[in-house]
Amino acid sequence: MDTEYDYLYKIVLIGDSGVGKSNILLRFTRNEFNKESKSTIGVEFSQKNLKIGEKTIRIQIWDTAGQDRFRAITSTYYRGAIGALLVYDICNHNSFDHIDRWLKELRDHVDPESVIVMLVGNKCDLEEKRAVRPEDALSFSQRNSMAFMETSALESTNIEQAFEKLVSLIYEETI
Ligand code: GDP
Ligand code: MG
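Before going into details, it helps to say that this report is about the structure given with it.

**Some details on the site of ligand 1**
Link 1 in the chain: Near ligand 1 there are 21 residues, and of these G18, K21, N23, D125 and A153 occur at the shortest range.
Link 2 in the chain: Contact distances for ligand 1 include 3.0 Å between an oxygen atom and a side-chain N or O atom of K123.
Link 3 in the chain: One of the side-chain nitrogen or oxygen atoms of D125 is found 2.7 Å away from a nitrogen atom of ligand 1.
Link 4 in the chain: Summarising the interface, the protein chains cover 88% of the accessible area of ligand 1, which totals 580 Å² for the free molecule.
Link 5 in the chain: Ranked by the residues each element gives to the shell around ligand 1, the list is headed by helix 1 (residues 21-30), at three residues.

This is the structure in structure tokens:
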């Protein structure tokens, strides 16, 4: 990886266990997918550089590595985060209902004024099992000042785009 960069952004992945956070990270950083429900990655964070215009931005993306039970995540995880991908599974309405709690937990740990949140509905390849309508997620995201996208880590749909969108929103907010 290039050692030179202009800005470093810490981004955290949050959301219920099983929604696909680790696979979103795996797809984005290594273009891989892991069918096992128990992820074997076990890393604290992965890094990747993105270009915005002339600037190189290094994003450091933190994954919960199995600690994604509500309230089990330590404050170290959140410390210094400037962005968050808040992930639910479009086939699991419970994971969507829990978004509120995750949002509150995030805002308890980081400056709510400065953290940028992107709502992500993952597993959009499983349309036949859909339990959350995109229009409901969109209106929820708008009420809570979040960007919104549906993704599939399995099929690589919108994974790059979700990170690029989040990073450009952070960039616009912080320059
Ligand atoms: P995490 O607990 O949020 O980190 O979720 P994981 O990344 O471990 O994924 C949980 C399960 O969902 C695994 O069996 C994955 O293979 C599966 N999964 C993750 N993303 C997708 C996706 O986009 N589509 C489908 N069909 N399955 C996915
Ligand atoms: Mg995981």
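The discussion continues.
**Digging into the pattern of salt bridges**
Link 1 in the chain: Taken as a whole, this structure holds seven salt bridges when the rule is applied.
Link 2 in the chain: Among the ionic pairs, R130 bridges to E150, the shortest N-O distance being 2.9 Å. Linking R130 in the loop between strand 5 (116-122) and helix 5 (134-143) with E150 in strand 6 (residues 147-150), this pair joins segments that are 20 residues apart in sequence.
Link 3 in the chain: Put simply, E135 and R133 hold a salt bridge, and the shortest N to O gap is 3.5 Å.

**A word on the packing of aromatic side chains**
Link 1 in the chain: Enumeration over the complete set of coordinates arrives at eight aromatic pairs.
Link 2 in the chain: Where F28 meets F163, the ring centres are 4.0 Å apart and the plane angle is 20°; that geometry is what we call stacked. Of this pair, F28 sits in helix 1 while F163 sits in helix 6 (residues 159-174), placing them 135 residues apart in sequence. The same class applies to F28 and to F163, which are both buried.
Link 3 in the chain: Through a chain of ring-to-ring contacts, the aromatic side chains of F45, W62, Y77 and Y78 assemble into a single cluster.
Link 4 in the chain: A cation sits over an aromatic face here: K10 above W62, 3.9 Å from the ring centre.

**A look at the sheet that holds strand 4 (residues 83-89)**
Through backbone hydrogen bonds, the strands of a sheet pair up, either in parallel or in antiparallel fashion.
Link 1 in the chain: Ordered by their spatial adjacency, six strands build an open sheet running 2-3-1-4-5-6, and the pairing between neighbours is mixed. Because the sheet does not close on itself, it has two edges, and the strands there are strand 2 (45-52) and strand 6. Strand-to-strand, the axes of this sheet are offset by a mean angle of 25°, without reference to chain direction.
Link 2 in the chain: Both strand 2 and strand 3 (residues 55-62) contribute to a ladder of eight bridges, which runs antiparallel. Pairing of F45 across the sheet is with W62, part of strand 3.
Link 3 in the chain: Along the sheet, helix 1 makes contact with strand 1 (7-14), strand 2, strand 3, strand 4 and strand 5, crossing strand 2 at roughly 50°.
Link 4 in the chain: Docked against the sheet, helix 5 engages strand 4, strand 5 and strand 6, running at close to 160° with respect to strand 6.

Definitions and limits used
- Residues numbered from 1 in each chain as written.
- Chains lettered and ligands numbered in written order.
- Predicted model: local features only at pLDDT ≥ 70, side-chain atom pairs only at ≥ 80, totals over all residues.
- Heavy atoms only, no water.
- Near = heavy atom within 4 Å.
- Polar contact = N/O pair within 3.5 Å; in protein donor to acceptor, adjacent residues only side chain to side chain.
- Areas by Shrake-Rupley, 256 points an atom, 1.4 Å probe, with all protein chains shown as cover.
- Helix = DSSP H or I, 4+ residues; strand = E, 2+ residues; numbered from the N terminus.
- Salt bridge = Lys/Arg side-chain N within 4 Å of Asp/Glu carboxyl O.
- Phe/Tyr/Trp six-rings, centres within 6.5 Å; stacked < 30°, edge-to-face > 60°.
- Buried < 20%, exposed > 50% of the residue type's maximum accessible area, 1.4 Å probe, protein only.
- Lys NZ or Arg CZ within 6 Å of the ring centre and 35° of its normal.
- Pairing = 2+ DSSP bridges.
- Axes fitted to C-alpha atoms, helices over the stretch in contact; angles between N-to-C directions.
- Contact = heavy atoms within 4.5 Å.

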